[in-house]
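Fold and contact review
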Amino acid sequence: FFEEQGEKWRRAESAGVNYLAYSPESFQGSAGVSEEEIEEYYLLNVDTEFTTEEQVGARHILKRVATDASDDDKAATRTAMEAVASKLADGADFEELAKTESDDSTASDGGDLGMFGRQKMVKPFENAAFALAEGEVSGITETRFGLHLIKVYKRQAPQERTLEDSRDEIRNK
């Protein structure tokens, strides 16, 4: 009977599990953190957690150039970008020119890329942007995306938060 009906009595493999759930918030305040430990943590991590890097805020005008573009197409794109640069030199507004001349998705925002630090953009673009003073416009800069004109509208030096400003954050951590 069992050989014929045995599968009726078979159960799927199963396991019982017990677990303990807790949240770090439930222990907050019960562990003492000394002032020395806070200061030590700050000193060990000031460069990584409590310092913001140098940043620039920039706008750009992009004329796209395909990587496999012919020399004639590349020359035509450069000529078009030189015409844009000439308009800027004659006093045209960068933001307005970006809206009408740029091939980038940021064109509708006047080419605004926002604030960014080093190693966030392709190297030639980064080098050009970080070499500019606030309000200055670059020469034509070539990247794998095409030709750019870059205007830096804001520069932010690296900033270090003080131990006093970071004390509560470190204690909570």
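Everything quoted here is computed from the prediction, not taken from an experiment.

Description of the environment of Val65
Within the secondary structure, Val65 sits in the loop between strand 2 (55-64) and helix 4 (71-89). Sequence separation of Val65 and Glu39 is 26 residues, and the distance between their C-alpha atoms is 53 Å. Excluding residues within four positions of it along the chain, Val65 makes contact with Lys74, Thr77, Arg144, Phe145, Gly146 and Leu147.

Things to note about the sheet that holds strand 4 (residues 141-143)
Pairing in this open sheet of four strands is antiparallel, and the strands run 3-2-5-4 from one edge to the other. Of all strands in the sheet, those bounded by a partner on one side alone are strand 3 (112-117) and strand 4. Each adjacent strand pair in this sheet contributes to an overall mean axis angle of 45°, direction not counted. Bridge count for strand 2 against strand 5 (residues 146-156) is 10 bridges, and the pairing is antiparallel. Paired with His60 across the strands is Ile150, a residue of strand 5. With respect to the sheet, helix 4 is in contact with strand 2, strand 4 and strand 5, its orientation differing from that of strand 2 by roughly 130°.

Some remarks on the nonpolar core
Within the largest apolar cluster, 11 residues are counted, these being Ile61, Val65, Ala69, Met81, Val84, Leu88, Phe94, Leu97, Ala98, Leu147 and Leu149. In terms of nonpolar packing, the next biggest core, distinct from the first, is built from 10 residues, Val56, Ala129, Ile150 and Val152 among them.

Description of helix 7 (residues 163-172)
Regarding helix 7, the residues found buried are Leu163, Ser166, Arg167 and Ile170. On an axial view of helix 7, the arc spanned by its buried residues comes to 135°, and they lie on one face. Residues Asp165, Asp168 and Asn172 are exposed on helix 7 and point more than 90 degrees away from its buried face. Contact partners of the buried residues in helix 7: helix 3 (35-49).

Brief notes about the pattern of salt bridges
Once the charged atoms of two side chains with opposite charge are near each other, the side chains can pair. Applying the stated rule across the entire model yields 17 salt bridges. Among the ionic pairs, Glu49 bridges to Lys173, the shortest N-O distance being 2.6 Å. Note that Glu49 is positioned in helix 3 and Lys173 in the segment after helix 7, a separation of 124 residues in sequence. A relative accessible area of 28% places Glu49 in the partly exposed class. Given the relative accessible area of 59%, Lys173 is considered exposed. With its nearest N and O atoms 3.5 Å apart, the salt bridge here joins Arg59 to Glu95. Of the two residues, Arg59 sits in strand 2 while Glu95 sits in helix 5 (residues 94-101), which places them 36 residues apart along the sequence. Judged by relative accessible area, which is 15%, Arg59 ranks as buried. The exposure class assigned to Glu95 is partly exposed, which follows from its relative accessible area of 28%.

Brief notes about the pairing of strand 5
In terms of strand pairing, strand 4 meets strand 5 through three bridges, oriented antiparallel. Pairing of Glu142 across the sheet is with Leu147, part of strand 5.

Comments concerning the side chain of His60
With respect to the helices and strands, the residue His60 is situated in strand 2. Exposure remark for His60: the relative accessible area of 4% places this residue in the buried category. Only 3.0 Å separates the side chain of His60 from the side chain of Asp104, close enough to count as a polar contact. Excluding anything up to four places from it in sequence, His60 contacts Phe94, Ala98, Ser102, Asp104, Thr106, Gly111, Leu113, Phe125, His148, Leu149 and Ile150.

Cut-offs applied
- Residues numbered from 1 in each chain as written.
- Predicted model: local features only at pLDDT ≥ 70, side-chain atom pairs only at ≥ 80, totals over all residues.
- Heavy atoms only, no water.
- Helix = DSSP H or I, 4+ residues; strand = E, 2+ residues; numbered from the N terminus.
- Contact = heavy atoms within 4.5 Å.
- Pairing = 2+ DSSP bridges.
- Axes fitted to C-alpha atoms, helices over the stretch in contact; angles between N-to-C directions.
- Core = buried A, V, L, I, M, F, W, Y, C linked by side-chain atoms within 4.5 Å.
- Buried < 20%, exposed > 50% of the residue type's maximum accessible area, 1.4 Å probe, protein only.
- Arc of directions from axis to C-beta.
- Salt bridge = Lys/Arg side-chain N within 4 Å of Asp/Glu carboxyl O.
- Polar contact = N/O pair within 3.5 Å; in protein donor to acceptor, adjacent residues only side chain to side chain.

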